[in-house]
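# Reading the structure
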Amino acid sequence: PSQVEGSDVEGVPSGTAWSGTAGDISTMAPRPSNGGDSEVFTGFKIAKAVVGAGSFALPLACKNQGAAGGVITIAVAGVLASVTMKSLMKSKDEVEREIGTTGLSYVDVSRHVLGDWGANFVFGMTVASSLGVCTAYLAFIGSTMSLLADLDGTWVHDIFPGVGPDAFQIAALAVVTPITWLKNFRFLSWTSTVGVIAVVAALGTTLTEEIRLTGGFQGLITAAQSLPLWPSSLEAYTSSFGAVIFLSCVNFLIFPIERSMERKESFGPTLDVTLVGLSMMNAAFALAGAATFGAETSDIVTNNLGSGNGLTAIKTLVCLDLLLTYPLVFAAGREITEKLILGARDKRRGGGSAAEIDAAASTTKSSSSSATTTTTTTTT
């Protein structure tokens, strides 16, 4: 371990010491307790990370996997997410106590436990997860907007008649690419509220439309009872398995959520309660969609809805939410990549690691808001 003594940074007293380690493991001084998020607010943060565009792919998963197969898979995904997230948090806490520092990332913990090969593997998987989520966002936006462009009576059709999904994906990428170059996304924090409202409204509107199409709540239950219990083949089951796991296992976003809690010992119970509720909601939504649309269930169930002004507005809001969330998720992989590159550069120059240099600067920001904390997964 190395020590960086003294400080010329405003707000940090001279003589302050920061714990550090060799290599490019991120380091920072323990942050003072300035309060944090409550259990309820933390639950909402976890829900925001889980519920999103992937929720609208669940009806197709239930159609492909069968009623029982789909519900069991959703439940198993929730259990898997809970077990792995709590295991990772326990590992992180043990490593931080051993090293004497806080704010470690997945790569940092993996390097300490498994060595460089483990860190490199987790680095690759984290970047792949980040890019995978971003790719799913673009696919959702392209599919939804192209469908609206084909429907008479929508504002998208009036402005962009007949435009295909590829064009909308390229246009979305052109919008978000400059935003991903920014180092601070604080100005986007207000969009989380818009995103929660849009997604909940879309889920509620979809369920309401499904109840109407099946002739009422009792009709929806009857339609669900007619669904096959199990998938027709292994191929049918596996075709949607990834979508279910992808929705629940947002492990690479969970570190900053836990760090922002006031009572971190309550993270485990809060996580369990939230995931149980979300799993039940996802299972019900999946069954309702598959029962209503049957063999015609789209890969994104909102595409099965009509073209009314209200439905068009809901679909547009969800796409807007994903467009503004894209930079935040992309940052997870980007910052790990930058730290790796900058750390290697500083070593070649003969200086300290980028993590050790950045540790001092990060200490001056100990009073940053939890909104900023939740948009980053590594110390910068």
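Residues numbered from 1 in each chain as written. Predicted model: local features only at pLDDT ≥ 70, side-chain atom pairs only at ≥ 80, totals over all residues. Heavy atoms only, no water.

Okay, the pattern of salt bridges next. What the rule picks out here adds up to eight salt bridges. The salt bridge partner of Lys-86 is Asp-272, with a shortest N-O separation of 2.9 Å. Here the residue Lys-86 occupies a position in helix H3 (residues 67–99), and Asp-272 occupies one in helix H12 (residues 267–293), the gap between them amounting to 186 residues. Lys-86 sits in the partly exposed class, given a relative accessible area of 32%. Among the charged side chains, a salt-bridge network with shared partners connects Lys-92, Asp-93, Glu-96 and Glu-258. (Salt bridge = Lys/Arg side-chain N within 4 Å of Asp/Glu carboxyl O. Helix = DSSP H or I, 4+ residues; strand = E, 2+ residues; numbered from the N terminus. Buried < 20%, exposed > 50% of the residue type's maximum accessible area, 1.4 Å probe, protein only.)

This part covers the environment of Leu-58. Relative to the elements of secondary structure, Leu-58 occurs in helix H2 (residues 58–65). Note: C-alpha distance between Leu-58 and Val-301 (243 residues apart in sequence) is 8.2 Å. Among residues more than four places away in sequence, those in contact with Leu-58 are Ile-74, Val-244, Leu-247, Asn-282 and Ala-286. (Contact = heavy atoms within 4.5 Å.)

Between H3 and helix H10 (residues 234–248), whose axes approach to 9 Å, the crossing angle comes to 40°. By the angle between their directions, the pair H3 and H10 is classed as oblique. Crossing of H3 over H10 shows right-handed handedness. In this structure, H3 contributes Gly-69, Thr-73, Ile-74, Ala-77, Gly-78, Leu-80, Ala-81 and Met-85 to the contact, and H10 contributes Tyr-237, Phe-241, Val-244, Ile-245 and Ser-248. Its residues assigned to classes, the contact of H3 with H10 comprises nine nonpolar, four polar and no charged. (Axes fitted to C-alpha atoms, helices over the stretch in contact; angles between N-to-C directions. Parallel < 35°, antiparallel > 145°, perpendicular 65-115°, else oblique. Left-handed = near helix turned anticlockwise from the far one by under 90°. Nonpolar A, V, L, I, M, F, W, Y, C, P; charged D, E, K, R; others polar.)

The geometry of an aromatic ring pair comes down to the distance between the two centres and the angle between the two planes. Counted according to the given criterion, the structure contains six aromatic pairs. Aromatic pair Phe-56 and Phe-140: ring centres 6.0 Å apart, planes at 45°, arrangement tilted. You can see Phe-56 sitting in the loop between helix H1 (39–50) and H2 and its partner Phe-140 sitting in helix H5 (residues 116–150), a full 84 residues away along the chain. Here Phe-56 and Phe-140 have matching classes, each one buried. Consider the rings of Tyr-326 and Phe-330, whose centres lie 6.1 Å apart with planes at 10°: the pair is stacked. Of this pair, Tyr-326 and Phe-330 are both found in helix H13 (residues 309–349), four residues apart, which corresponds to roughly one turn of the helix. (Phe/Tyr/Trp six-rings, centres within 6.5 Å; stacked < 30°, edge-to-face > 60°.)

A surface patch of nonpolar side chains, amounting to about 560 Å² of accessible area, comprises Val-113, Leu-114, Trp-117, Phe-121 and Met-125. Contributing elements (two or more residues each) for the nonpolar patch: helix H4 (106–114) and H5. A total of three residues in the nonpolar patch trace back to one element, the largest contributor, which is H5. In this structure, Leu-114 sits in helix H4. (Patch = residues over 30% accessible without salt bridge, like charges linked within 9 Å, V, L, I, M, F, W, Y side chains within 5 Å. Areas by Shrake-Rupley, 256 points an atom, 1.4 Å probe, with all protein chains shown as cover.)

Once that is clear, we can look at H12. Over its 27 residues, H12 extends 38 Å from the first C-alpha to the last, a length consistent with the 39 Å expected when each residue adds 1.5 Å. A positive backbone phi angle near 55° is found at Gly-294, which sits one or two residues after H12. (Expected span 1.5 Å × (residues − 1).)

Within H2, seven of the eight residues are buried, which leaves it mostly tucked inside the rest of the structure. Buried residues of H2: Leu-58, Pro-59, Leu-60, Ala-61, Cys-62, Asn-64 and Gln-65, and no others. For H2, the elements touching its buried residues are H3, H10 and H12. At the C-terminal side of H2, Gly-66 shows a positive phi close to 85°.

All right, on to the side chain of Ser-82 then. Within the secondary structure, Ser-82 is located in helix H3. For Ser-82, a relative accessible area of 9% puts it in the buried group. Not counting the four nearest positions on each side in its chain, Ser-82 is found in contact with Leu-271, Asp-272 and Leu-275.

Take the packing of H1 against H12 next. Look at H1 against H12: their axes get within 9 Å of each other, and the N-to-C directions meet at 50°. Judged on the interaxial angle alone, H12 and H1 are oblique. By crossing handedness, the relation of H1 to H12 is classed as right-handed. Of H12, the residues touching H1 (which contributes Glu-39, Thr-42, Gly-43, Ile-46, Ala-47 and Val-50) are Phe-267, Thr-270, Leu-271, Thr-274, Leu-275 and Leu-278. Grouping the constituent residues of the contact of H1 with H12 by class yields seven nonpolar, four polar and one charged.

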